[in-house]
Amino acid sequence: MLKVLSVRDHADGIVAQVEGLADRNGAEALKGARIFVSRSVFPDTAEDEFYWIDLIGMSVVNKDGQTLGEVIDLIDTGPHCVLRILPAGKTAPVKPDEEILIPFVNAFVGDVDKAARVIPVDWDLDY
């Protein structure tokens, strides 16, 4: 196990200082390594904030009660995130043009029900 001393954003990734690695060559050996963080150290979120991992797997239901599908991932577009939804009745993997993409903004997404694991949306099946 490595002890991470500091972390910062850099370009399209992160840079971490790790105990026991004093030079660039040692750090290069870890390039691309996966970092796992225990859920117990995640900070609490506000009522209207969510960790992506908590949204993945939730059902997405529109205002007419139609199940659109299940969240399989999110896309960070900068200004807001977009829900990637595996349509109901489909199995992964699907082609990109078969996914349903819904901006995760108040105009389209209602109050997320964390307990029921449901995301209500104002989105029709034919969008």
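A brief structural summary. Please read these numbers as outputs of a predicted model, since none were measured by experiment.

Conventions adopted
- Residues numbered from 1 in each chain as written.
- Predicted model: local features only at pLDDT ≥ 70, side-chain atom pairs only at ≥ 80, totals over all residues.
- Heavy atoms only, no water.
- Helix = DSSP H or I, 4+ residues; strand = E, 2+ residues; numbered from the N terminus.
- Contact = heavy atoms within 4.5 Å.
- Phe/Tyr/Trp six-rings, centres within 6.5 Å; stacked < 30°, edge-to-face > 60°.
- Buried < 20%, exposed > 50% of the residue type's maximum accessible area, 1.4 Å probe, protein only.
- Polar contact = N/O pair within 3.5 Å; in protein donor to acceptor, adjacent residues only side chain to side chain.
- Pairing = 2+ DSSP bridges.
- Axes fitted to C-alpha atoms, helices over the stretch in contact; angles between N-to-C directions.

**Some words on the environment of Pro103**
Right, so step 1: Tracing the chain through its elements places Pro103 in strand 6 (residues 100–103).
Right, so step 2: Linking Pro103 and Thr77, residues 26 residues apart in sequence, is a C-alpha distance of 9.4 Å.
Right, so step 3: Not counting residues within four places of it along the chain, the set of residues in contact with Pro103 comprises His80, Cys81, Val82, Phe108, Val109 and Trp123.

**Some details on unusual backbone geometry**
Right, so step 1: Pro93 follows Ala92 through a cis peptide bond whose omega is -5°.
Right, so step 2: Along the chain, Pro93 turns up in the loop between strand 5 (81–87) and strand 6.
Right, so step 3: A positive phi is found at Ala11, a non-glycine position, where the angle reads about 55°.
Right, so step 4: Following the sequence through the fold, Ala11 ends up in the loop between strand 1 (4–10) and strand 2 (13–18).
Right, so step 5: Even without being a glycine, Arg117 presents a positive backbone phi close to 60°.
Right, so step 6: Tracing the backbone through its elements, the reader meets Arg117 in the loop between strand 6 and strand 7 (118–121).

**Description of the packing of aromatic side chains**
Right, so step 1: A full pass over the atoms with the stated rule returns 3 aromatic pairs.
Right, so step 2: Ring centres of Phe50 and Phe104 lie 5.9 Å apart, and the angle between their planes is 75°; on these two criteria the pair is classed as edge-to-face. With Phe50 in the loop between helix 1 (24–28) and helix 2 (52–55) and Phe104 in the loop between strand 6 and strand 7, the pair connects residues that are 54 residues apart, well separated along the chain.
Right, so step 3: Owing to a relative accessible area of 21%, Phe50 belongs among the partly exposed residues under this scheme.
Right, so step 4: On the numbers, 5.1 Å between centres and 85° between planes, the contact of Phe108 with Trp123 is edge-to-face. Of this pair, Phe108 sits in the loop between strand 6 and strand 7 while Trp123 sits in the segment after strand 7, and the two are 15 residues apart along the sequence.
Right, so step 5: Phe108 sits in the partly exposed class, given a relative accessible area of 30%.

**Some remarks on the side chain of Glu99**
Right, so step 1: Locating Glu99 in the fold gives a position in the loop between strand 5 and strand 6.
Right, so step 2: Judged by relative accessible area, Glu99 falls into the buried class, the value being 16%.
Right, so step 3: Looking at Glu99, its side chain comes within polar contact range of the side chain of Arg84, at 2.4 Å.
Right, so step 4: Contacts of Glu99, omitting those with residues within four sequence positions, involve Ile72, Arg84, Ile85, Pro87 and Val94.

**Some details on the sheet that holds strand 3 (residues 59–62)**
Right, so step 1: A sheet is described by the order of its strands in space; here 5 strands give the open sequence 6-5-4-3-7, paired in mixed fashion. Every other strand in the sheet has two partners, leaving strand 6 and strand 7 as the edge strands with one partner each. The average angle at which neighbouring strand axes cross in this sheet is 40°, direction not considered.
Right, so step 2: As paired strands, strand 3 and strand 7 are joined by 4 bridges and run parallel to one another. Within strand 7, the position partnered with Asn62 by the bridge is Val121.

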